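Fold and geometry: a report
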Amino acid sequence: MQTGFPGLLRNVSQLRVFLKYVILENRSLQDIMHRAILLHMILIRGGIAMGFRIILLSCLLLLASGCSNDDPTRHNTFVPLTSIEVSGTYESMAVGTVNQYRAIGDFSGAFTRDITDEVSWSIGNDDIASVSIATGTEGLVNALAAGETSVTAMQGDLAGSGPVVVTEALLAGITIMPQDAELQAGITLQYEATGTFSDSSTQDITGLTTWESSDTAVATIEAAAGLATAVALGTTTISAAWQGLEGNAELLVNAAALTSITIIPEQATIAKGTTVQFTADGESSDGSTQDVTDLVDWQSADGGIAVVDTDGLATGVAPGTMDISATFETAGGTIEDTAELTVTDAVIRSIVITPEESRIVEGEKQQFTATGTFSDRSEQDVTELASWRTTDNSVGTISNTPGSRGLFASTARGTTFIEASFDGVTGQTDIIVD
Amino acid sequence: MKRIIQYAVLLAFLFISVKPIMAAGNFYLGLHGGLAVPDEAKAKDSEGSYNIDYDLGFDGSITLGYNLGDRYPKIGRGRVELELSYAENDLDEADFLEGKVRADGSVKRTGIMVNSIGEHRMSSGVILYALLGAGWAKIELDNAIIVDQPLADDDDSQLAFQVGAGIGWQLNQRITYDIGYRYLATLDPDFNTDDGKSLDYEYGCHRILAGIRFNF
């Protein structure tokens, strides 16, 4: 079999012979089929010399790549919802405060899913509290007066309720975090305010307080959200006020300038469909470093291999290697760093949940971690990717809320199994509540 | 015993060398059977996409073709054939955001293809071939169920194509054994689901076939 240019010449020669055969010679009608077939064969034959191996190679590639598909994007609505569990961030709340409730649906025991924004919310006694049904704040309960009632999440004929306890506790103090922060000009910082009440309970009241900066030439702050931006060299006092009380913190804006960024980790390898969190440390001219993960602009060099969100969380899309970059604009120009991310086509084989066989006291919480072992023997934390469930909800509930997945909250004494499922693989451990 | 004798007679008939007819072009009839290994299918509706996986299934075909033989040495060897094929695979699992769940029912494919095959004969008598084909296929989603909930019971016909390669072994002038691989895919069929939605489906299937060609 000839390949390359000689093979091509041979094919051209064959075509010329064929055309002479078809056009110049007066053949019988019996040859019509032969001629048609021969034309067909020449078209193929012309490509076979070099194409035979290409076709074989293509077949092998099809075998290798054609057996998998894109990751699913759709929730499973074929498995019936069998129960809804409703719980709030806080067990009780003071008048005037808010408490985010979430609805976790149990789908026939097959899996659980946060359905907070899919259910219809109602409150038992709207003199005591109200619940938001607005898009983006579904399930947010606002305490109006002291008392006890319940909040209900409903979908179809199913409903789940959680207690709403509004106390008469009064605000005793406000604590702002962080205290004594130091920033370079142009850097932003999110402040948080925690209210301590007369019954010793605490609640996040960041969104309830009014924020101020004593010197807006040094730093400004968003009055409702608590997001501060350093402006120029100096010191200012950040304050958060609510119900006549105020908390304060000092903010120093120094003369140092951001000189470089370092992405951590420098290299990462993840399986397709899993995630890795990148962080960015900024080095300043005075030698100090600070976390600038939320301030930099994250970019993926190839969105077909991995995507990265504004917080540096990268998700593997398809096998390959590419760069993740973080850039920051300063007065002196653009500062940038890159990290290498490799996405493999490894699939998860097993999940181990830690701690194993743990024991806690009733009312306590336990954070579980799920570690997946993949087909290439690599291991990854899949806590935030897994779907969590307990086999006995009367002993406690486990969170499927992003950011706190795997957090078990005990409610009664007993033993229950904890399960974490990801991509069809499930890991299990048990916990004893005393 | 009677059946064994029948088989022996049949085998004897198959192995008898007959008058060489391969030098000239000849028609042939082919019978092939084997495994159908469909790709994991992507099913997409208004709520997003999910994947459906299958069990291994049966694939069979009957072909009527014309073999150029050695009649046109400057052109080389090759065949053109009309292929009728049927394959069936049971649904195994459906993969959603929450993970995989059980699926039941089956997907059936009935196809009619025109294949063009280029051959390369080795000195040992083994024949290597590569194949290109195009045609029409009916894809049937038969009583598909996901976790006891009906999905669809519908069919759609689409243009189809296939590529493949294989090895033939010419036992005698009458009989050629054949084993090969083909990948057949269609344009996306569209099904109506039991709840009245439209389901955009993908179909591609790896075919591993073995069979025999009778030259006449």
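Thresholds applied
- Per-chain numbering applies: the sequence of each chain, read as written, is numbered from 1 onward.
- Just so you know, chain letters begin at A and ligand numbers begin at 1, following the order they were written in.
- Local features in a predicted model are, by the rule used here, given only for residues with pLDDT of at least 70; side-chain atom pairs are given and counted only at 80 or more, and totals for whole chains, interfaces and linings are based on all residues.
- Think of the side-chain values as coming from all heavy atoms in the structure, minus any hydrogens and water.
- In this description a helix means any DSSP run of H or I spanning at least four residues, a strand means any run of E spanning at least two, and both kinds are numbered starting from the N terminus.
- Here the term buried applies to any residue with accessible area under 20% of the maximum for its type, exposed to any over 50%, and partly exposed to those in between, with areas from a 1.4 Å probe on protein chains only.
- Only heavy atoms matter for contacts: two residues are in contact if any of them lie within 4.5 Å across the pair.
- Only the protein chains shown count as cover for residues, and the accessible areas themselves come from Shrake-Rupley with a 1.4 Å probe.
- The criterion for strand pairing is that DSSP finds at least two bridges linking the strands in question.
- Under the pairing criterion, centres of Phe, Tyr and Trp rings, with the six-membered ring standing for Trp, must be within 6.5 Å; the plane angle then separates stacked pairs below 30 degrees from edge-to-face pairs above 60, leaving the rest tilted.
- The axes are straight lines fitted to the C-alpha atoms, using for helices just the contacting stretch, and the angles between their N-to-C directions are given from 0 to 180°.
- By convention in these notes, a salt bridge is any Lys or Arg side-chain nitrogen within 4 Å of a carboxyl oxygen on Asp or Glu.
- The predictor attaches a confidence to each residue, called pLDDT, with possible values from 0 through 100.
- Candidate patch residues must exceed 30% relative accessible area and have no salt bridge, after which like charges are joined if within 9 Å and Val, Leu, Ile, Met, Phe, Trp or Tyr side chains if within 5 Å.
- Note that His is not counted, nor are the chain ends; the positive residues are Lys and Arg, and the negative ones are Asp and Glu.
- To locate a charge, the coordinates of NZ of Lys, CZ of Arg, CG of Asp or CD of Glu are taken.
- Distance and chemistry together define a polar contact, namely a pair of N or O atoms within 3.5 Å, with one atom able to donate a hydrogen and the other to accept it when in protein, and with adjacent residues in sequence counting only for side-chain atoms on both sides.

1. As for the overall build of chain A
Each helix and strand counted, chain A has two helices and 39 strands in total. Counting across all 434 residues of chain A, residues that qualify as buried make up 42%. For chain A, contacts bridging at least 24 residues in sequence account for 51% of all contacts bridging at least 6. Accessible surface, chain A as shown: approximately 21200 Å² in total, 53% of it carbon and sulfur.

2. Let's talk about the pairing of strand β28 (residues 320-330) of chain A
Residue and element names in this part refer to chain A. For strand β25 (residues 297-300) and β28, the ladder comprises four bridges, and the chain directions are antiparallel. Counted as the bridge partner of Gln299 is Ser325 from β28. One ladder, built from 11 bridges, connects β28 with strand β29 (residues 333-344); its direction is antiparallel. If you follow Ser325 over to β29, its bridge partner there is Thr338.

3. Description of the packing of aromatic side chains
Evaluation of the coordinates by the stated rule reveals seven aromatic pairs over all chains. Where Tyr191 of chain A meets Trp211 of chain A, the ring centres are 6.2 Å apart and the plane angle is 40°; that geometry is what we call tilted. Of this pair, Tyr191 of chain A sits in the loop between β12 (188-190) and β13 (192-197) while Trp211 of chain A sits in strand β15 (residues 210-213), placing them 20 residues apart in sequence. Residues Tyr191 of chain A and Trp211 of chain A agree in their burial class; the two are buried. An angle of 70° between the planes, with centres 4.9 Å apart, marks the rings of Phe27 of chain B and Tyr66 of chain B as edge-to-face. Within this pair, whereas Phe27 of chain B is found in strand β1 (residues 26-38), its partner Tyr66 of chain B is found in strand β4 (residues 57-67), the two being separated by 39 residues in sequence.

4. Some words on the sheet that holds strand β10 (residues 171-177) of chain A
Residue and element names in this part refer to chain A. Strand order across the open sheet formed by three strands is β10-β13-β14, with antiparallel pairing between neighbours. Edge positions in the sheet fall to β10 and β14 (202-204), since each of these pairs with one other strand and no more. If you compare each strand with its neighbour and ignore which way they point, the axes differ by 25° on average. Sheet topology note: the β13/β14 ladder contains three bridges and is antiparallel. When the sheet's bridge partners are listed, Thr194 is paired in β14 with Asp204.

5. Some words on the pattern of salt bridges
Close approach of charged atoms lets side chains of opposite charge pair. Residues and elements named next belong to chain B. Using the criterion set out here, one finds 21 salt bridges over all chains in the structure. Put simply, Asp59 and Arg207 hold a salt bridge, and the shortest N to O gap is 2.8 Å. With Asp59 in strand β4 and Arg207 in strand β12 (residues 204-215), this pair connects stretches of sequence that are 148 residues apart. Side by side, Asp59 and Arg207 carry an identical accessibility label, which is buried. Two residues, Glu81 and Arg79, come together in a salt bridge whose shortest N-O distance is 3.5 Å.

6. Side note on the sheet that holds strand β17 (residues 227-230) of chain A
Residue and element names in this part refer to chain A. A sheet is described by the order of its strands in space; here three strands give the open sequence β12-β17-β16, paired in antiparallel fashion. This sheet does not close on itself; its edge strands, each paired only once, are β12 and β16 (219-221). Strand-to-strand, the axes of this sheet are offset by a mean angle of 20°, without reference to chain direction. For β12 and β17, the ladder comprises three bridges, and the chain directions are antiparallel. Bridging from a neighbouring strand, Leu189 pairs with Ala228 of β17.

7. Looking at the environment of Ala103 of chain B
Residue and element names in this part refer to chain B. Looking at the secondary structure, you find Ala103 in strand β6 (residues 99-121). Residues Ala103 and Asp92, spaced 11 residues apart in sequence, show a C-alpha to C-alpha distance of 5.1 Å. Discounting residues that sit within four places of it in the chain, Ala103 has contacts with Leu91, Asp92, Glu93, Ala94, Ile145 and Ile146.

8. Observations regarding the confidence of the model for chain A
Residue and element names in this part refer to chain A. Overall, the prediction assigns chain A a mean pLDDT of 84, with 83% of residues at 70 or greater. Under a pLDDT of 50 for its full length, residues 47-51 has, in the predicted model, nine contacts with residues more than four places off or in other chains. The model gives residues 64-68 a pLDDT under 50, and that stretch makes nine contacts with residues more than four places away or in other chains.

9. Quick notes on the pairing of strand β19 (residues 245-254) of chain A
Residues and elements named next belong to chain A. Pairing of strand β11 (residues 181-184) with β19 involves four bridges; the strand directions are parallel. Its bridge partner being in β19, Ala181 is matched across the sheet by Leu251. Both strand β18 (residues 234-242) and β19 contribute to a ladder of nine bridges, which runs antiparallel. In the strand pairing of β19, Trp242 is matched with Leu245. Counted between consecutive antiparallel strands, the loop separating β18 from β19 contains two residues, among which Gln243 sits at a positive phi close to 50°.

10. What to know about a negative patch on the surface
Taken together, the side chains of Asp291, Asp294, Asp309 and Asp311 of chain A define an acidic patch exposed on the protein surface. Looking at where Asp294 of chain A falls in the secondary structure, it is placed in the loop between β24 (289-291) and β25.

11. Some details on the environment of Gly180 of chain B
Residue and element names in this part refer to chain B. Structurally, Gly180 is set in strand β9 (residues 175-186). In this structure the C-alpha to C-alpha distance between Gly180 and Ile208, which are 28 residues apart in sequence, comes to 6.0 Å. Not counting chain neighbours up to four residues away, the residues in contact with Gly180 comprise Tyr129, Ala165, Gly166, Arg207, Ile208 and Leu209.

12. Describing the side chain of Arg109 of chain B
All names here are of chain B. Residue position: Arg109 is located in strand β6. Within polar-contact distance, the side chain of Arg109 engages the side chain of Asp59 at 3.0 Å. Within polar-contact distance, the side chain of Arg109 engages the side chain of Tyr203 at 3.1 Å. With residues near it in sequence (within four places) discarded, Arg109 still touches Asp59, Ser85, Tyr86, Ala87, Ala137, Lys138, Ile139, Leu184, Tyr203, Cys205 and Arg207.

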